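So the chains spell out like this:
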Amino acid sequence: MQAGLLDWASTTAVDLQPVLRTVAVTVAIVFVIYKAVQSKFSLGTIVVSALAAGIFVWLVFNVNQLSDTIGEDLPGGSSAPG
């Protein structure tokens, strides 16, 4: 029963990844537009919010690489002996 549930959860997560990435990009764009309108199109606010949105999108697209890097740096991490 649990193996089937874990397999289903893993498959569902892999299948949803492109959808979640699309949602993340859309949220980032809406965030920048919202902050631009809220600040009456202040250039500084637009630049800072665009940078924050860019970091958010980068993290969403590179979450596996980031977790692997952090895992290698932590004690007991799963890094291959080299």
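Remember, predicted model here, so these are calculated numbers, not experimental data. (Residues numbered from 1 in each chain as written. Predicted model: local features only at pLDDT ≥ 70, side-chain atom pairs only at ≥ 80, totals over all residues. Heavy atoms only, no water.)

Caption draft 1: Molecular detail of the UniProt feature "transmembrane region" (unreviewed entry) in the protein chain. Annotation from UniProt places "transmembrane region" (unreviewed entry) at residues 16-34 and 41-61. The distance from the first to the last C-alpha atom of residues 41-61 is 28 Å, and the span holds 90% helix and 0% strand. (UniProt positions renumbered as here; feature names shortened; annotations may be inferred. Helix = DSSP H or I, 4+ residues; strand = E, 2+ residues; numbered from the N terminus.)

Caption draft 2: Examining helix H2 (residues 43-61) more closely. Along its 19 residues, H2 runs 27 Å from first to last C-alpha, staying within 8% of the 27 Å computed at 1.5 Å per residue. Those residues of H2 that fall on the buried side of the exposure criterion are Ser49, Ala53 and Val57. One side of H2 carries all its buried residues, which in axial view fall inside an arc of 75 degrees. For H2, the exposed residues lying more than 90 degrees away from the buried face are Leu43, Val48, Leu51 and Ile55. (Expected span 1.5 Å × (residues − 1). Buried < 20%, exposed > 50% of the residue type's maximum accessible area, 1.4 Å probe, protein only. Arc of directions from axis to C-beta.)

Caption draft 3: A nonpolar patch on the surface, seen in detail. On the surface, Leu16, Val19, Leu20, Val23, Val27 and Phe56 cluster together into a nonpolar patch covering about 500 Å² of accessible area. Here the nonpolar patch takes five residues from helix H1 (residues 2-38), the largest share from any one element. Residue class for Phe56 comes out partly exposed when judged on its relative accessible area of 38%. (Patch = residues over 30% accessible without salt bridge, like charges linked within 9 Å, V, L, I, M, F, W, Y side chains within 5 Å. Areas by Shrake-Rupley, 256 points an atom, 1.4 Å probe, with all protein chains shown as cover. Salt bridge = Lys/Arg side-chain N within 4 Å of Asp/Glu carboxyl O.)

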